[in-house]
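Coordinate analysis (summary)
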Amino acid sequence: MNSDLFAGFVERRDEPLADGAWVLRGFALEIGQALVQDIHAVAESAPFRHLVTPGGFTMSVAMTNCGRLGWCSDRRGYRYDRIDPITGKPWPAMPERFARLAADAAAHAGYADFDPDACLVNRYTPGSRLTLHQDRDERDSSQPIVSVSLGVPATFQFGGNERAGPKQRVPLLHGDVVVWGGPSRLAYHGVGPLKEALHPLTGNYRFNITFRAARWKAEG
Ligand code: MD3
Ligand code: FE
C-alpha cells in the first residue's frame, strides 16, 4: 500500500496512558520513512546485534545505539558505554531528526528541555519479544523516556510499579510516539511476541527507538 495514502487514515491524537505517560498517536508519521532511513544509516556504522543478559540469555530483539552513550548488556551486567564493544568506536551521532523529534514529543507531553544523551534502537522480527522489565539504568529518573514505533505493529504491555500488578495491553503502530515520565517512569513494561506481518517501509521488521537521559554514573 502507498504509505502516504495509509498515513491519511491514521488519526493524530493524544491518549493518556497512565499518570505521566502519553501515547501520541501518529506523532512521527510524516517523518516515518526518513526515520527508517536514519536507522539504516546508524546500523551501517554500528550493526544490530543480539545482546546477552547477565543471566546468560540471548535477547530475541536485536539492538544498536546512537548518541553519546549506548545501552549495553553482557554477562557482567547492564551499563551505558561511550564505545560500541563490537566496533571499538564511539556510537554514531544521534541524527538531527531524532533529537528534534525527541524534544518535540517530550515538550508536547509537558516535559520541557528534554535532553537525551542515549538512544537505543530495537529491531524485532516475527516472534521477538521483550519480557517485563523496568528501565532503571538511567541516573536521572526525573527525565522522561520517549519511544517511537516504526514498521510492524506490536502489543505493548504496561504494568504498574510492581511486577505482579495488572497490565494494560496497548497496540503500538507505525508512527506512534510514547512519552513516559513522572510517576510512570519506573513502571514495568514489555512487548508481546511480534506477529508475522509486512509493513511497506520495513518488511517484517518492527523498529523501536527510545531516547533516554542516561547521565551514566561512570561519566561523572
Ligand atoms: C515505560 N522498549 O527499550 S518502548 C526498552 O517497544 C523498551 O521496544 C520497548 O522497553 C519497545 O527498554 C518499549 C516503551 C517504553 C520504553 C521505556 C519505558 C516504555 C516505558 C520506561 C518506563 C515505562
Ligand atoms: Fe524498557
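Structure first, text after, so check above.
Residues numbered from 1 in each chain as written. Chains lettered and ligands numbered in written order. Predicted model: local features only at pLDDT ≥ 70, side-chain atom pairs only at ≥ 80, totals over all residues. Heavy atoms only, no water.

Moving on: the pairing of strand 11 (residues 177-180). Burial of strand 11 is two-sided: the residues V177 and V179 facing one way and the residues V178 and W180 facing the other way are all buried. In terms of strand pairing, strand 2 (residues 21-25) meets strand 11 through 4 bridges, oriented antiparallel. Bridge pairing in strand 11 places L24 opposite V177. Here strand 8 (residues 145-151) pairs with strand 11 via 4 bridges, running antiparallel. Note on strand 11: the bridge partner recorded for V148 is V177. (Buried < 20%, exposed > 50% of the residue type's maximum accessible area, 1.4 Å probe, protein only. Helix = DSSP H or I, 4+ residues; strand = E, 2+ residues; numbered from the N terminus. Pairing = 2+ DSSP bridges.)

In this structure, G175 sits in the loop between strand 10 (168-172) and strand 11. Considered as a pair, G175 and R25 are 150 residues apart in the sequence and their alpha carbons are 7.0 Å apart. Those residues within four positions of G175 in sequence are excluded, and the remaining contacts are L24, G26, F27, A28, L29, S149 and L150. (Contact = heavy atoms within 4.5 Å.)

F98, V148, I209 and F211 are the most contacted members of the largest nonpolar core, which totals 30 residues. Secondary-structure elements contributing two or more residues to this core are helix 2 (32-45), strand 3 (62-66), helix 3 (96-108), strand 6 (118-124), strand 8, strand 11 and strand 13 (206-212). In contact with F98, other than residues within four places in its own chain, are L35, D38, I39, C66, C119, I209 and F211. Grouped together as the second largest cluster of nonpolar side chains are 28 residues, M59, Y124, L130 and W216 included. (Core = buried A, V, L, I, M, F, W, Y, C linked by side-chain atoms within 4.5 Å.)

A separate point is helix 3. With 13 residues, helix 3 should cover 18 Å at 1.5 Å per step; its first-to-last C-alpha distance of 18 Å lies within 8% of that length. Just past helix 3, the residue G110 takes up positive phi, approximately 100°. (Expected span 1.5 Å × (residues − 1).)

If you check the shell around ligand 1, you find 19 residues, and the closest are N122, Y124, W180, H189 and R206. The side chain of Y124 places a nitrogen or oxygen atom 2.5 Å from an oxygen atom of ligand 1. Measuring from an oxygen atom of ligand 1, one finds a side-chain N or O atom of H133 at 3.2 Å. When isolated, ligand 1 has an accessible area of 490 Å², and the protein chains bury 98% of it. Put simply, the parts of the chain that give the shell around ligand 1 at least two residues each are strand 6, strand 7 (130-133), strand 8, strand 12 (189-191) and strand 13. At 4 residues, the largest contribution of residues to the shell around ligand 1 is made by strand 13. For the shell around ligand 1, the per-class residue count stands at 8 nonpolar, 7 polar and 4 charged. (Near = heavy atom within 4 Å. Polar contact = N/O pair within 3.5 Å; in protein donor to acceptor, adjacent residues only side chain to side chain. Areas by Shrake-Rupley, 256 points an atom, 1.4 Å probe, with all protein chains shown as cover. Nonpolar A, V, L, I, M, F, W, Y, C, P; charged D, E, K, R; others polar.)

So, about the pattern of salt bridges. Taken as a whole and judged by the stated rule, the model has 14 salt bridges. Here R79 and D74 are joined by a salt bridge, their closest N and O atoms 3.3 Å apart. Notably, a salt bridge pairs R212 with D135, separated by 3.0 Å at the nearest N-O pair. Linking R212 in strand 13 with D135 in the loop between strand 7 and strand 8, this pair joins segments that are 77 residues apart in sequence. For R212, a relative accessible area of 6% gives the class buried. On the basis of relative accessibility, which here comes to 10%, the residue D135 falls in the buried class. (Salt bridge = Lys/Arg side-chain N within 4 Å of Asp/Glu carboxyl O.)

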